[in-house]
Structure formats: C-alpha cells, structure tokens
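Read off the chains here:
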Amino acid sequence: MNHSDHMMPMAGPSPTRRNKMMMHMTFYWGKDALILFSGWPGARTEMYVLALVFVFLLAFLVEWLSGCRLIRKDAGRVGAGLIQTAMHGVRAGLAYMVMLAVMSFNGGVFLAAVAGHAVGFLVFGSRVFKKDDDGVGLDGGDYRHRRAGGLRSDLPPISC
C-alpha cells in the first residue's frame, strides 16, 4: 500500500523536493510527528513523550477553566465581566491549540488529548469530587445542567 496517497505536501522554508515535508491526512502511529510548531517534537522519543504530556496538560487546563470559580461574589459587574472574558479567551485559545495538535493526525496525540479532557472532566466536572445526593456540589453550585425543555443532564452543554 502506498502511504503517499494519504499525505499532502506542506509548504516549508526550502522549496526543494528533497527537503519538502509531508503532512498526514489519515491517522498514523509513530513518534515522527509535527505538532503545533515547525520541527517540534523532532525525531527524539523523549521530545515526542514531552509533546504528548504537553497536549495532555493543554486539554486538562481547558477542563479546569471550564469548571473553575475565580470570580468572587462581591466583585463588581465590570471587573467580573472582564475576568470572565479573559478566562473565556484563554480557554478558547487552549482548546484551539489542542485541536491543532490533534490535526497532526498522530494517534498518540489524539489519545493524549482525549485523556487530558477525560481526566480533567473527572477531576473538575464529574460527580466524583462533588456531593451527589441533592445535586449540589461542594462549592454550592448546581452541577446538573439544564437541557432544552428544562430537563437535567449530567454533562454541561458542549460549545463548538
């Protein structure tokens, strides 16, 4: 099977055919990946493992920002709105970085991103660390989210 059918040439710093990098268009396994930045993680196994940990932590941080409470109840509306907007921007930026990393089509990167989101949700969004008898968490917040029609769901609404 010819794997070059599933790859597209990437524009690189050198226009010569010999140095042209190929971008995968299907999932593949292996440490030779190009993730987020040109030349990163390179050909070393240690750098690939570091890249996987980095993607895991990015996804974990997205989940933390989705569930953290940093704004005090006595904060002013403008100040609270600015903090909320900054948090939203950081969360969106981190989520886009995870998405771009997954677009490397490397199976390990995909699994690291899914695991980061799953562990982050387990720690910050699931019932594991919240009381589940009355639907009120340890922070006093209601963790059961409303769906259309007023029905309750255990998962927060997804926003794409």
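Keep in mind the model is a prediction, meaning the values are calculated, not measured.

A. Spotlight on unusual backbone geometry. Here the amide bond leading from Trp-40 into Pro-41 is cis, since omega sits at 15°, within 30 degrees of zero. Examined against the element boundaries, Pro-41 turns out to sit in strand 4 (residues 41–42). The backbone phi angle of Phe-105 is positive, close to 65°, even though this residue is not glycine. For Phe-105, the position within the fold is in the loop between helix 2 (77–102) and helix 3 (107–124). Overall, Phe-105 belongs to the partly exposed group, its relative accessible area being 24%.

B. Broad picture of the UniProt feature "transmembrane region" (unreviewed entry) in the protein. Following the UniProt record, the feature "transmembrane region" (unreviewed entry) maps to residues 21–41 and 47–66 here. Along residues 47–66 one finds 100% helix and 0% strand; the C-alpha atoms at either end are 29 Å apart.

Procedures and definitions
- Residues numbered from 1 in each chain as written.
- Predicted model: local features only at pLDDT ≥ 70, side-chain atom pairs only at ≥ 80, totals over all residues.
- Heavy atoms only, no water.
- Helix = DSSP H or I, 4+ residues; strand = E, 2+ residues; numbered from the N terminus.
- Buried < 20%, exposed > 50% of the residue type's maximum accessible area, 1.4 Å probe, protein only.
- UniProt positions renumbered as here; feature names shortened; annotations may be inferred.

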